[in-house]
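Inside the fold
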Amino acid sequence: MADYKEAPLASRPKTLDPAEYFNLSPEYRRAEEERAALRANLKRQYQIQLNNPLRKELIEDPALTRWTYARTNIYTHFRPTTKTSLLGALFGVVPLFFWFAVLKTDRDEREEKIKAGTYDRTYKISY
Amino acid sequence: MRTSPICVWSQVNSERKMAALRAGCWARALQKAKGQGFKHMFFGARTAAGLSKDALPGSYPKTPEEIAAAAKKYNMTVQDYQPYPDEGMGFGDYPKLPDRSQSERDPWYSWDHPDLRRNWGEPMHWDFDMFIRNRVDTSPTAMDWRTMSGTLLGFVGFMLFMFYAGEVFPSYQPVAPKQYPYNNLYLENGGNPEKEAEEVKNYKI
């Protein structure tokens, strides 16, 4: 596995990450310890609520609330920039005109063929 | 089950206390709201969850203090916390977590939510619902991407090319139209018996 290469949908597992066993500087260790402290605090909060015998309601997860709030309130932080305007035009405006053009030309051609009598109806269930 | 009189009395007492507490809460809320009007009593700045407004996602952080506060809000270290670039796409200060699916996480660790492989309170990826184990999987593959895509495209391309070549240069089993005897079945096909049919020879020696 020494020649493992990452790809857009395939990541490098943490066990093959050289930083885990080569680069154990004090700063890296301190950062890992900070993360572990945060994790432990959250675990403690959850376990206290989970094992509380007087608890009757569900344990509310603030991270989930924040995620839901962020996903549903996108427009409050929307700002018209070049990128957002281009994307909006590309996905909202262009398809209208594009599909109108495609369908209109196709149907006009079919109409011409029917009028001229050259429309081939073999194997056609509907029109 | 026989309960002693003391237990029953304390239970009733505690229920009465709970009722009194609830009534007191209502009374206090009504008193507070009286000054601010009807609207504030029901539609005030109060989230449905127990979270306050500053625990919810906000706008893009610009100063280091805002960054530190946002990192603390999302339970991340300042080093790890990295918001989405401020391009007006609507992310606000939500953190940009690495695009790793939940199937990459350790299956043997005792997660708080084992099916989601997530702990309580852990910051969720923006596309969390895409990265659950039933959906997109970013775990390492048996071989690298180039080999896989090369093999697939190579095979599909080769087959397409061969089918196209078969259309351009068709090759059939050697067949010929069916040959009938008795001058192509002259009498059976309604030929005149008196008249002499022309000789049809379907072979060549």
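The structure presented is a predicted model; accordingly, all values stated were derived computationally and were not measured. (Residues numbered from 1 in each chain as written. Chains lettered and ligands numbered in written order. Predicted model: local features only at pLDDT ≥ 70, side-chain atom pairs only at ≥ 80, totals over all residues. Heavy atoms only, no water.)

1. Brief notes about the overall build of chain B
Along its length, chain B carries five helices and zero strands. By residue count, 21% of the 205 residues in chain B fall in the buried class. Counting only contacts in chain B whose residues sit at least 6 apart along the sequence, the fraction spanning at least 24 positions is 35%. When the accessible surface of chain B is split by element, carbon and sulfur atoms take 60% of a total near 16400 Å². (Helix = DSSP H or I, 4+ residues; strand = E, 2+ residues; numbered from the N terminus. Buried < 20%, exposed > 50% of the residue type's maximum accessible area, 1.4 Å probe, protein only. Contact = heavy atoms within 4.5 Å. Areas by Shrake-Rupley, 256 points an atom, 1.4 Å probe, with all protein chains shown as cover.)

2. What about the packing of aromatic side chains?
Applying the stated criterion across every chain, the model contains eleven aromatic pairs over all chains. Between the aromatic rings of A:Y46 and B:W120, the centroid separation amounts to 5.9 Å while the plane-to-plane angle is 25 degrees, which identifies the pairing as stacked. A residue pair is termed interchain when its members come from two chains, as with A:Y46 in helix 1 (residues 26-50) and B:W120 in the loop between helix 3 (64-73) and helix 4 (145-168). Accessibility expressed as a relative area gives 9% for A:Y46, which makes it buried. Taken together, a centroid distance of 5.6 Å and an interplanar angle of 15 degrees make the contact between A:Y75 and A:F78 stacked. (Phe/Tyr/Trp six-rings, centres within 6.5 Å; stacked < 30°, edge-to-face > 60°.)

3. Here's the deal with the nonpolar core
Within the largest apolar cluster, 13 residues are counted, with the highest numbers of intra-cluster contacts made by A:W67, B:Y74, B:M76, B:Y81, B:Y94, B:M124 and B:W126. Put simply, the parts of the chain that give this core at least two residues each are helix 2 (62-72) of chain A together with helix 3 of chain B. When near neighbours in sequence (up to four residues on either side) are disregarded, B:M124 contacts A:A63, A:L64, A:W67, B:Y94, B:L97 and B:R118. (Core = buried A, V, L, I, M, F, W, Y, C linked by side-chain atoms within 4.5 Å.)

4. Describing the confidence of the model for chain B
Residue and element names in this part refer to chain B. Confidence along chain B averages 80 in pLDDT terms, with 76% of residues attaining 70 or more. Across residues 10-14, confidence stays below pLDDT 50; counting only partners more than four residues off in sequence or on other chains, it has zero contacts. Note on residues 29-45: pLDDT under 50 across the span, and three contacts to partners over four residues away in sequence or across chains. Here the predicted complex scores 0.68 on pTM and 0.78 on ipTM. (pLDDT = per-residue confidence, 0-100.)

5. Description of the layout of surface pockets
Reported here for the largest pocket is a volume of approximately 1700 Å³. In this structure, the largest pocket is lined by 45 residues; those nearest its centre are A:K14, A:R35, A:R39, B:P98 and B:R105. Taken together, the residues of the lining of the largest pocket break down into 16 nonpolar, ten polar and 19 charged. (1 Å grid on protein atoms, 1.4 Å probe; cavity = no way out; pocket = protein on both sides within 12 Å on 5 of 7 lines; lining within 4 Å. Points joined across faces, edges and corners; volume = space filled by probe spheres on them. Nonpolar A, V, L, I, M, F, W, Y, C, P; charged D, E, K, R; others polar.)

6. A look at the interface of chain A and chain B
Taken together, the contacts link 37 residues of chain A with 50 residues of chain B. Taken together, both faces of the contact between chain A and chain B bury some 3800 Å²; the carbon and sulfur share is 61%. Applying the counting rule to chain A against chain B returns six salt bridges. Taken together, chain A and chain B are joined by 18 residue pairs in polar contact (both at pLDDT 80 or more). Counting residues per element, the ones that place at least two in the side of chain A that touches chain B are helix 1, helix 2 and helix 3 (82-116) of chain A. Take the side of chain A that touches chain B: its biggest share by element is ten residues, from helix 1 of chain A. Tallied by class, residues from the side of chain A that touches chain B come to 19 nonpolar, eight polar and ten charged. (Buried area = accessible area lost by both parts, 1.4 Å probe. Salt bridge = Lys/Arg side-chain N within 4 Å of Asp/Glu carboxyl O. Polar contact = N/O pair within 3.5 Å; in protein donor to acceptor, adjacent residues only side chain to side chain.)

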